[in-house]
Amino acid sequence: MTMNSPTRLNYEVRPCKFAERTMLLAALQTITNKFEGKYQYVGFGGLTFTDFKLFHSNLHIDIMHSIEGGKYSEKRLKYNSPYGFIQIHKGMSSMELTKINFDNKTIVWLDYDGVIEDYTFSDLSLLIRKMPIGSVYIISCNRELKNQENNLYSSVDEFLSRFRELAPSGLKMADLSASNDYKTIRKMLNKAVKNAVNDRNLYGETVKFKLLFDIIYQENHGAKMYTFGGIILDQDYDEQQLEINDFPFIYKGDDEAYKIDVPNITLKESLLLNSCIGDENYEEKIKDIITDANYNKYIKIYKYLPRFFDVRL
């Protein structure tokens, strides 16, 4: 049996997820500076509370709600909470979201473990109807379209019977494939957002939802993930004022999602690549060391990559 670890990334460190967090944080730092007043954060903290620590430190948010519907006890969740101000909600998101006050502008990141379900859309509908202008809604999920038996759908009719009016019109079997699954999910989420925004505006409000995040990635041998998110704005708000379009990962209206593709390189190779940035003669430097494909991947994402070190305590 041959060892192939040099050609594989360590799934435990999840570099794609780390890069995504850093991307979202960069955009959120700019966005939150555009709106006055405090923000609160709602997410799934688990036992690590990674996003909570990141957003508290960098966005200075100290009103936080962590929802946990899994097997961990409330006592264990509170023990692992890094800050005393994090409110723990032990239960499913569809129920616990109804208990949270959304008077404050809110950043919500519902990072679901599984595939899209009915509660994905009920959670979305509740949040888009309640959150004030300046609030950001983000969802991540496994983008594979699987039924309740965890199998791929065998027909369009099976999918339609599962999601009914939530399904996009004119759906074809190709829309359920691995190359198009996230596009179908995007259409479904956009449809649900539009319905919720229309309901708000029927009651005298004038709001809109601007799609900002449309991201796909897959860790080595990990789940195929999709992230969708955007911001609630007044209809008259000039979206250019957000000043985030220079970020390459911000949604520009393309049908293809932004793909996070982390190159498989060593730390020493990354230092070499850093020295090549802006150097017209980089090809000679990396020849026989780093492929052009990995070079192009690195240039696209290097600002958001993690640096992992083994520290003995």
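The shown structure was predicted, so the numbers you read here are calculated from the model rather than taken from an experiment.

Points about the sheet that holds strand 3 (residues 86–90)
Okay, so step 1: Spatially, the eight strands line up as an open sheet ordered 3-2-1-4-5-7-6-8, and their pairing is mixed. Edge positions in the sheet fall to strand 3 and strand 8 (258–260), since each has one partner strand and no second. On average, each strand axis in the sheet is tilted by 15 degrees relative to the strand beside it, whichever way the strands run.

Topic: the packing of helix 1 (residues 15–32) against helix 2 (residues 50–59)
Okay, so step 1: Axis separation between helix 1 and helix 2 bottoms out at 11 Å; the angle between their running directions is 35 degrees. Where helix 1 crosses over helix 2, the handedness of that crossing is right-handed. Two secondary-structure elements touch here, helix 1 through Arg 21, Leu 25, Leu 28, Gln 29 and Thr 32 and helix 2 through Thr 50, Asp 51, Leu 54, Phe 55, Asn 58 and Leu 59.
Okay, so step 2: Among the residues making up the contact of helix 1 with helix 2, the classes are represented as five nonpolar, four polar and two charged.

A few points about the nonpolar core
Okay, so step 1: Counting residues in each nonpolar core, the largest one holds 51 residues, and the members touching the most others are Phe 213, Phe 249 and Ile 260.
Okay, so step 2: With nine residues, helix 1 is the largest single contributor of residues to this core.
Okay, so step 3: Sequence-distant contacts of Ile 260, that is, excluding residues within four places in its chain, are made with Cys 16, Ala 19, Glu 20, Met 23, Ile 215, Ile 216, Tyr 217 and Ile 301.
Okay, so step 4: The next biggest cluster of nonpolar side chains, apart from the first, holds 43 residues, and it includes Ile 67, Leu 166, Val 193 and Ile 232.

A look at the side chain of Thr 184
Okay, so step 1: Mapped onto the secondary structure, Thr 184 falls in helix 7 (residues 181–202).
Okay, so step 2: Residue classification places Thr 184 among the buried positions, given a relative accessible area of 2%.
Okay, so step 3: If we skip the residues at most four places from it in the chain, Thr 184 touches Leu 145, Phe 159, Pro 168, Leu 171 and Asp 175.

Quick notes on the environment of Leu 145
Okay, so step 1: Locating Leu 145 in the fold gives a position in the loop between strand 5 (136–142) and helix 6 (156–163).
Okay, so step 2: Once the C-alpha coordinates of Leu 145 and Asp 181 are considered, the two residues, 36 residues apart in sequence, prove to be 6.4 Å apart.
Okay, so step 3: Apart from residues no more than four positions distant in its own chain, Leu 145 is found in contact with Ile 116, Asn 151, Leu 152, Tyr 153, Phe 159, Asp 175, Leu 176, Asp 181, Thr 184 and Ile 185.

Here's the deal with the pattern of salt bridges
Opposite charge on two side chains lets them pair, provided their charged atoms get close.
Okay, so step 1: With the rule as written, the count across this model stands at 21 salt bridges.
Okay, so step 2: Across the pair Asp 62 and Lys 38 runs a salt bridge whose closest N-O atoms are separated by 2.9 Å. You can see Asp 62 sitting in the loop between helix 2 and strand 2 (64–68) and its partner Lys 38 sitting in the loop between helix 1 and strand 1 (39–43), a full 24 residues away along the chain.
Okay, so step 3: On the basis of relative accessible area, Asp 62 is assigned to the partly exposed category, the value being 34%.

Cut-off values and rules
Residues numbered from 1 in each chain as written. Predicted model: local features only at pLDDT ≥ 70, side-chain atom pairs only at ≥ 80, totals over all residues. Heavy atoms only, no water. Pairing = 2+ DSSP bridges. Helix = DSSP H or I, 4+ residues; strand = E, 2+ residues; numbered from the N terminus. Axes fitted to C-alpha atoms, helices over the stretch in contact; angles between N-to-C directions. Left-handed = near helix turned anticlockwise from the far one by under 90°. Contact = heavy atoms within 4.5 Å. Nonpolar A, V, L, I, M, F, W, Y, C, P; charged D, E, K, R; others polar. Core = buried A, V, L, I, M, F, W, Y, C linked by side-chain atoms within 4.5 Å. Buried < 20%, exposed > 50% of the residue type's maximum accessible area, 1.4 Å probe, protein only. Salt bridge = Lys/Arg side-chain N within 4 Å of Asp/Glu carboxyl O.

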